[in-house]
Amino acid sequence: MSRTTAHRPGVRDDQDEQSRPSEHGAGSVTVLATVFLTLALLGATAALGAAATAAARASGAADLATLAAADAARGLVLADPCALAAQTADRHGATVTECAAAGDGTVQVRTRYESTLPWPSEGVSRAGPPASTVPR
């Protein structure tokens, strides 16, 4: 039991060790906390990635459905604008929740995309004829 530390007068070595708090298991707790925090951050990152992907898909489906509906509203395609929007959105994995065609050829479509998240993503788009073809 030789120690390289300085000996305090009047205090035995075994009393000195007993007065210090034990650090047994502190490394295990630190490792477990670090692993838990890392897993929580990875889970949050995965959820954010899934939400961003679902939002992009809902938005893309809304854009494509609105463009198809605007072509139908202008008479370029022989179909009902909202029926064509619903068909186009369905092909892209989304559903049309709202479709409004105006008399000037503009159409607004709202879509919903169901993903692995507990809530759906929504996309909204509006399209119409080019500015050069609109009567003034």
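Relevant structure appears above.
Each value, and the rule that gives it
Residues numbered from 1 in each chain as written. Predicted model: local features only at pLDDT ≥ 70, side-chain atom pairs only at ≥ 80, totals over all residues. Heavy atoms only, no water. Salt bridge = Lys/Arg side-chain N within 4 Å of Asp/Glu carboxyl O. Helix = DSSP H or I, 4+ residues; strand = E, 2+ residues; numbered from the N terminus. Buried < 20%, exposed > 50% of the residue type's maximum accessible area, 1.4 Å probe, protein only. Arc of directions from axis to C-beta. Contact = heavy atoms within 4.5 Å. Pairing = 2+ DSSP bridges.

Participant: Please clarify how the pattern of salt bridges should be interpreted in this entry.
Facilitator: Pairing between side chains of opposite charge can happen when their charged atoms approach one another. Going through the model one piece at a time under the given rule, you end up with three salt bridges. Residue R110 pairs with E98 through a salt bridge whose shortest N-O separation is 3.5 Å. Here R110, found in strand β2 (residues 107–113), pairs with E98, found in strand β1 (residues 95–101); they are twelve residues apart in sequence, far enough to count as distant. Under the relative-accessibility criterion, R110 is labelled partly exposed at 28%. Here E122 makes a salt bridge to R112, at a shortest N to O gap of 2.9 Å. Here R112 lies in strand β2 and E122 lies in strand β3 (residues 121–127), a separation of ten residues in the sequence. The exposure class of E122 is partly exposed, given its relative accessible area of 40%. Looking at R112, the relative accessible area reads 31%, which means it is partly exposed. Each of E98, R110, R112 and E122 takes part in a single network of salt bridges with overlapping partners.

Participant: I tried to follow helix α3 (residues 81–91) on my own but got confused; where do I start?
Facilitator: An α-helical turn contains 3.6 residues, so any two residues separated by three or four positions project in the same direction. Where α3 is concerned, the buried positions are P81, L84, A85, T88 and A89. Burial along α3 is one-sided: seen end-on, the buried residues are contained in an arc of 130°. Facing away from the buried side of α3 by more than 90 degrees, the exposed set consists of D90 and R91. Residues of α3 that are buried make contact with α2 (26–74), β1 and β2. G93 sits one or two positions beyond α3 and adopts a positive phi of about 80°.

Participant: Before we go on, may I ask you to explain the side chain of S121 in this structure?
Facilitator: Within the secondary structure, S121 sits in strand β3. Once you skip the residues sitting within four places of it in the chain, S121 turns out to touch A51, A54, A55, A58, T111, R112 and Y113.

Participant: How do you make sense of the pairing of β1 when you look at a structure like this?
Facilitator: On a regular strand, each side chain points to the face opposite its neighbour's, so the side chains alternate between the two faces of the sheet. Two elements, β1 and β2, share six bridges in a ladder whose sense is antiparallel. Paired with A101 across the strands is V107, a residue of β2. Between β1 and the antiparallel strand that follows it, β2, lie five residues; G105 among them carries a positive phi value of about 95°.

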